[in-house]
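Below, each chain spelled out in residue letters.
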Amino acid sequence: MDRGQGTSGAAGGQGTSRAAAFRESNPGSAVELPYAGFDTFLKREIADVEEVAGADAAVLGAPYDGAVSNRPGTRYGPRALRRASGWLAYLSGYKGGLTNVRTGREVDFGALDLVDCGDVPVFPMDRETTAESISAHVATVADQGVMPVLLGGDHYCTFPSFRGFAEGSDHDTVGLVQIDAHTDTVAESAVLGEHFHGSSTHHIAESPHTDYEHVSQVGIRGYESPGFFEFAEESGLSLFTVRDVEREGIEAVVEAAVADAAADADAVYVTFDIDSVDPSVAPGTGTPEPGGLSASQALTVMETLGRHGSVGAVDLMEVSPPLDPTDNTSRLGAYLLTTLLEQRFA
């Protein structure tokens, strides 16, 4: 039967359906349970990527892990992050708003005009076409003056996303703040080639849109190539290791990182690799490194970044749900993105 030919059933054709009448008589119907309904980020409306103008931010997923060097599974990250964010939407709905006890601030998610554009088309066996897809969709959002929020996916996806943001927003220079265990500055690997998730920052810095003097990295640890510190000094890379965080405090480090990345830039792109967090807290990632940020430090990172108007785009990468049956990694990831959006818009 054609949808336009239906009747209003028990409502007797008077224009009010039984479903509408039920919802009107039961106010709790407006609150969607975290495990019900569609899995959009923060339970927000689905929007076409070409029709997001006027929104504060638009979510895009990149379910791709064809450029990982170790354990796959981040292709399932966007779905898990959306599902985990439903809890925060539920809390806000049934409480009629929220107080963020960490920050001491009232949160009005109603003031956050957020839409979810679903996942960009990905091509599992074709990295180049997948990268072009990410760039095209992020650029389309940025061209409408809206903040792109990318859910990864492996960290290679940040390179085409950064490129799409710079091109779509028509910025001459975009700074990069990278929260990560690894620097991703490998120019070429004899095993993995020139394009994999350990090369994304190299390609960003070599692009027409920025250079290493506009790149800040926070939380770096583990092992890098011989001569790495000399490379960082010569290239102008702003490097803040975990030891710097321990000595100076996470908020001071992030403030310095933003200042360095934003200097003489038109905007700042934030990329948060979940492996920056200690694997005892966030085990669901492909290349874990011990000795990382605590959950509290990670939240402070996003609180601090969310206060800066220079931040024009953000992504959350490398969540691999199959590696964490507790869902703690995706839950933290959802909280991190929500924290930045909340500080900025709500």
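Residues numbered from 1 in each chain as written. Predicted model: local features only at pLDDT ≥ 70, side-chain atom pairs only at ≥ 80, totals over all residues. Heavy atoms only, no water.

Draft legend 1. Here's a closer look at the overall build of the protein. Summing up its helical and strand segments, the protein has ten helices and ten strands in all. Computed over its C-alpha atoms, the radius of gyration of the protein comes to 21 Å, within 12% of the 20 Å expected for a compact globule of 346 residues. Principal-axis analysis of the C-alpha atoms gives the protein an extent of 80 × 45 × 40 Å. When the 346 residues of the protein are sorted by exposure, 53% land in the buried category. With the model as given, the accessible surface of the protein reaches about 15,400 Å², and the carbon-plus-sulfur share is 49%. Mean positive and mean negative side-chain charge positions of the protein (21 and 52 charges, respectively) differ by 12 Å. (Helix = DSSP H or I, 4+ residues; strand = E, 2+ residues; numbered from the N terminus. Rg over C-alpha atoms; globule rule 2.2 N^0.38 Å. Buried < 20%, exposed > 50% of the residue type's maximum accessible area, 1.4 Å probe, protein only. Areas by Shrake-Rupley, 256 points an atom, 1.4 Å probe, with all protein chains shown as cover. Lys, Arg positive; Asp, Glu negative; His and termini not counted. Charge placed at Lys NZ, Arg CZ, Asp CG, Glu CD.)

Draft legend 2. Spotlight on helix α8 (residues 250–262). Across its 13 residues, α8 extends 18 Å between first and last C-alpha, which sits within 8% of the 18 Å expected from 1.5 Å per residue. All of the buried residues in α8 are Ile-250, Val-253, Val-254, Ala-257, Val-258 and Ala-261. Down the axis of α8, the smallest arc covering the buried residues is 130°, so these residues share one side. Buried positions along α8 lie against β6 (174–179), β7 (215–220), β8 (238–241), α7 (242–248), β9 (267–273) and α9 (295–306). Immediately downstream of α8, the backbone of Asp-264 shows phi near 60°, a positive value. (Expected span 1.5 Å × (residues − 1). Arc of directions from axis to C-beta. Contact = heavy atoms within 4.5 Å.)

Draft legend 3. View of the pattern of salt bridges. For the structure on display, the rule yields ten salt bridges. For Asp-119, the salt bridge identified is with Arg-82, shortest N-O distance 2.7 Å. A residue pair is termed long-range when its members are at least 10 positions apart, and Asp-119 in strand β4 (residues 114–119) and Arg-82 in helix α2 (residues 77–95) qualify at 37 residues. On the basis of relative accessible area, Asp-119 is assigned to the partly exposed category, the value being 40%. With a relative accessible area of 6%, Arg-82 lands in the buried category. Put simply, Glu-255 and Arg-307 hold a salt bridge, and the shortest N to O gap is 3.6 Å. Taken together, the residues Glu-255 in helix α8 and Arg-307 in the loop between α9 and β10 (311–317) connect sequence positions 52 residues apart. Overall, the relative accessible area of 43% leaves Arg-307 in the partly exposed class. (Salt bridge = Lys/Arg side-chain N within 4 Å of Asp/Glu carboxyl O.)

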